[in-house]
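Below, each chain spelled out in residue letters.
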Amino acid sequence: MPEVMLVNETRLLPGGRSDSEGEGISALLESFRTLLHLPESLMHRDGCSEGSGGDRRESPDPPSRGCDNGTPVDEEREGEGDDNRVTSNDDDDDNNVMLNLEGLSEWASTSIMGNLCGVAPEKPTPTGTVAKEVKDEGETSSLATSPFIAYDDGYEYPNLYDECDEMLQAATLVYPMASLRHLARQGKISDDGSILKVPLTASQVLDVVTKHEAFLKEDTLRREFYVDTLRAIRERHGIPTSPKDASGGIDTFRAPQLDHTQLIAFDDEFEKEELVYAIAINPLRKRITVCFRGSITNRDWATNLEIFMKDAPNPLKSHVSQTSTVKIHNGFHDYLFSPSERGAVGPNGETLSEYQEILQEHVLPVIKEYPSYKLYITGHSLGGALATLFAFEIAAEPDSVIPKPVTCVTFASPYVGDQSFREAHQQLERLGKLRSLRIVNHKDIVTTIPKMAFKLNAFDKDSHVGTLFKHVGMSVKMFHDSGQSVEVSYPKVRTGRWYSALDELGRGWDQALFSNLMNPKYITKWHLVQEYNRRLDLHKAELQGMQLNDLYSRDDVVGRLVAEF
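Computed from a predicted model, the values in this text were never measured in an experiment.

S.K.: Before we go on, may I ask you to explain the environment of Lys-327 in this structure?
M.R.: Mapping Lys-327 onto the fold places it in strand S14 (residues 325-329). Note on Lys-327: relative accessible area 21%, which makes it partly exposed. Put simply, Lys-327 and Ser-420 are 93 residues apart on the chain and 6.5 Å apart in space, counted from C-alpha to C-alpha. In this view, Lys-327 contacts Met-309, Lys-310, Asp-311, Gly-417, Asp-418, Ser-420, Phe-421, His-464 and Thr-467; residues no more than four positions away in its chain are not counted.

Structure follows, in C-alpha cells:
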C-alpha cells in the first residue's frame, strides 16, 4: 500500500508508524515476558535490514509484514499465519519485537497462571476486518474493526482512484448535458431524441456533448467555464480536438464504464428555481448514482450566499450521544428540503420536498428493481455540498429502505454544517451506514469557505451568526504537481481533550483562508473540473493503491471512530 501522508495528525515514519510510537516497547515486552515467566519462543524479532521499517498493512486480507529499505512493501499473502500478532515498530529495527499472541494464548490456557487469570485462547480476527492497535490518552490498547463489517455482503469496492474517477465523470458531464437540454427545450438546437429523452448510455451523453459543444461556447456569460469543462471531457476520454488528432480515439480504460453506465433520469425542468440532478445505473459496478450539478443559475449562486445556519431535525436524535437538531448551511438545506417546484406529492397527498421527490420517485423504484446495487452520491462544488447533505439524510433511512453503506464522493465541496452536523455524520460512519470521501485540490479556496455563519442581522438567534462550520468525511487533498503525495485527513475521534484541541488547531490552519492564498488567476482555475481531472490522473498510481474502507479502519487516520462506540 503506498505511503499515505497524514495531515494535522501524528506524522508517520516510512513504515507507517508515528515517530514517538513504540518507544520502550522492546523493554516493556521483555519485562512482561520475565514477570510472567513466558518462554522466549513467544518473542520474535523482525528480520528487516538495517534502516528499514516494519510495515503493518490494513486491508481486508490477513495482515502481514515486510520491509524494503524503509519503504512499505505490498505484502500479498506474505507472512500468512500472522493474523493474531500485534506489532510494535521502533526506529531501531534491530529492536523490532513481536509478541506472538497465538502462542501466548496457548500457553495461558494450559499454565497455572493462565488458569488463575482466566485467559482464554486467542480468537482469530473475523473475516473482512482489520485488526490494529488503538492507543489514546489514558487508555490501554484495544482492537478496532472496519465500521462496515456489519454490512459486508461480499461487494468488491473499487480502489480509491476508480471510485473518484467514475464519480468525477458524472459530476463533469451533468454540467453540459443540463445546458444542452435547456437549449433543446427552447428550440435553439434540434433534438433527435438523444438529448431530452432517457435512458441514454454515458457514451451517448458524451457524443451529444461533443457534437453540440459549439452551442455551449456561445454562452458568453459562462463560456470560460464550458471551455474548461469540455477540455476536461476531451482529456478524460482521449477525444481529439481536431480531425488531424483523430488517431487518439476514446480512452480504452474508461470506455467500458461509458458503455455500461446508463442515464435513467435527469431533472432540470425547473432549473431556474430548483436544484438539478441526474440518476444513473451501472450494471458492471452494480451501482446507482445520484449526481447533483454545481452552480450555474442565479438561484444556485443565491443559495451559496445564504451562509447563515438553521436548525434541522437530527435523524439520529434517538442515539444517546446526539442532539435533537443539527445546524446546517441555510441555503443548502432549503435547496434540498424545500417543497418541489413541480408540486410533487406523496402517496397520501402530502407535498414532497426535493429530497423526498428524489427518494420516492427515483431512488426507491430503482433500488426495488436492483436490490443488490450500492447507492453512490456525488457532485462538484455546490453539487458536492448537496451530495453531502443528501447522503447524510438518506444514510439515516431504515436499512429496510436503503441498502447500506451509502457512499458519498464529492469534489470541491464547501462547508455544509457545524460541529453537531459533524458528530451526527460521524455516527453514521461509525455505524457503517455511510462512506464519505471529500476530494479537494490544494489551494482550492472554495473548499475553505464559509468559515462561520453570517447574516446582516447579526442579532437573529435562529441564524446562529458566528457559529463555525466544520468539514465532514475522509478528505484526500491533491497537489498541483507529482512531487508531493496526496494528503489524507479526517476529523479524528479522540478521547483526550488536549489531543482533540490540537487536532482542530491543525485542521484549522490547513483550511484557513490565509494559508490557501494564491495568485488570483488560479482562484477559478484550481476549482474547476479540468484541474480536478488533471490532478486525479497525476496521483493515479498512488490512489490506485488505496481503499476507502481500509482508511476507515486505521486508527492513525480516524482515531477511535469505531472503538469508542
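Let us keep going from here.
S.K.: Just to check I follow, could you spell out the pairing of strand S17 (residues 434-441) for this structure?
M.R.: Consecutive residues of a regular strand have side chains that alternate between opposite faces of the sheet. With 8 of 8 residues buried, S17 lies mostly within the body of the structure. Side-chain alternation along S17 places Leu-434, Ser-436, Arg-438 and Val-440 on one buried face and Arg-435, Leu-437, Ile-439 and Asn-441 on a second face that is also buried. As paired strands, strand S16 (residues 406-411) and S17 are joined by 6 bridges and run parallel to one another. Counted as the bridge partner of Cys-408 is Ser-436 from S17. With 5 bridges connecting them, S17 and strand S18 (residues 474-478) associate as parallel partners. Bridged to Asn-441 within S18 is Met-478.

S.K.: Just to check I follow, could you spell out unusual backbone geometry for this structure?
M.R.: Peptide bonds are trans in most cases, and residues, glycine excluded, mostly fall at negative phi. In this structure, Pro-199 follows Val-198 across a cis peptide bond, with omega equal to 10 degrees. When you line up the elements, Pro-199 lands in the loop between helix H4 (160-185) and strand S9 (200-201). Of note, the bond from Ile-449 into Pro-450 is cis; its omega dihedral lies within 30 degrees of zero at -10 degrees. If you trace the backbone, Pro-450 turns up in the loop between S17 and S18. For Ala-412, which is not glycine, the phi dihedral falls at a positive 60 degrees. With respect to the element layout, Ala-412 can be found in the loop between S16 and helix H13 (419-430). Of note, the phi angle at Lys-443 is positive, near 70 degrees, even though the residue is not glycine. Topologically, Lys-443 is positioned in the loop between S17 and S18.

S.K.: Is there a simple way to explain the packing of aromatic side chains in this structure?
M.R.: The geometry of two aromatic rings is summed up by the distance between their centres and the angle between their planes. With the rule as written, the count across this model stands at 13 aromatic pairs. Ring centres 5.4 Å apart and planes at 70 degrees place the aromatic pair Phe-225 and Tyr-226 in the edge-to-face group. Pair check on accessibility: Phe-225 and Tyr-226 agree, each one buried. Among the aromatic side chains, those forming a connected cluster through ring pairs are Tyr-277, Phe-292, Phe-337, Tyr-355 and Phe-390. Across the ring face of Phe-308, the terminal group of Lys-455 is positioned such that the distance to the ring centre comes to 4.5 Å.

S.K.: So what exactly am I meant to see when it comes to the packing of H4 against helix H5 (residues 202-211) here?
M.R.: Two numbers describe a pair of packed helices, the interaxial angle and the distance between the axes. Their axes nearest at 10 Å, the elements H4 and H5 cross at an angle of 50 degrees. By the angle class used here, H4 and H5 are oblique. For the element pair H4 and H5, the recorded crossing hand is left-handed. From H4, Gln-169, Leu-173, Pro-176, Met-177 and Leu-180 reach across to H5, where they touch Ala-202, Val-205, Leu-206, Val-208 and Val-209. Of the residues contributing to the contact of H4 with H5, the split by class is 9 nonpolar, 1 polar and no charged.

S.K.: Where do I start with helix H16 (residues 529-538) in this structure?
M.R.: Along an α-helix, residues three or four positions apart point the same way, because every turn accommodates 3.6 residues. Burial analysis of H16 places 7 of its 10 residues in the buried class, the great majority of the element. Taken as a whole, H16 has its buried residues at Val-529, Gln-530, Glu-531, Tyr-532, Asn-533, Arg-535 and Leu-536.

S.K.: I tried to follow helix H11 (residues 354-369) on my own but got confused; where do I start?
M.R.: With 16 residues, H11 extends 22 Å from end C-alpha to end C-alpha; this agrees with the ideal 22 Å at 1.5 Å per step. Its axis deflected by about 35 degrees at Val-363, H11 carries its strongest bend there, up to four residues before the proline Pro-365. Every buried residue belonging to H11 is among Glu-354, Tyr-355, Glu-357, Ile-358, Leu-359, Val-363, Val-366 and Ile-367, and all of these are buried. Residues of H11 that are buried sit in contact with strand S10 (262-267), strand S11 (277-282), strand S12 (287-292), helix H10 (330-337), strand S15 (374-380) and helix H12 (382-395).

S.K.: In this structure, what is going on with the side chain of His-380? I would like to understand it.
M.R.: Relative to the assigned elements, His-380 resides in strand S15. Residue His-380 is classed as buried on the basis of its relative accessible area of 1%. Among the polar contacts listed, one links the side chain of His-380 to the backbone oxygen of His-527, at a separation of 2.8 Å. Apart from the residues within four sequence positions on either side, His-380 is in contact with Ala-171, Tyr-175, Phe-292, Gly-294, Phe-411, Ala-412, His-527, Leu-528, Val-529 and Tyr-532.

Conventions and cut-offs
Residues numbered from 1 in each chain as written. Predicted model: local features only at pLDDT ≥ 70, side-chain atom pairs only at ≥ 80, totals over all residues. Heavy atoms only, no water. Helix = DSSP H or I, 4+ residues; strand = E, 2+ residues; numbered from the N terminus. Buried < 20%, exposed > 50% of the residue type's maximum accessible area, 1.4 Å probe, protein only. Contact = heavy atoms within 4.5 Å. Pairing = 2+ DSSP bridges. Phe/Tyr/Trp six-rings, centres within 6.5 Å; stacked < 30°, edge-to-face > 60°. Lys NZ or Arg CZ within 6 Å of the ring centre and 35° of its normal. Axes fitted to C-alpha atoms, helices over the stretch in contact; angles between N-to-C directions. Parallel < 35°, antiparallel > 145°, perpendicular 65-115°, else oblique. Left-handed = near helix turned anticlockwise from the far one by under 90°. Nonpolar A, V, L, I, M, F, W, Y, C, P; charged D, E, K, R; others polar. Expected span 1.5 Å × (residues − 1). Bend = angle between axes of the 7 residues up to and from the residue. Polar contact = N/O pair within 3.5 Å; in protein donor to acceptor, adjacent residues only side chain to side chain.

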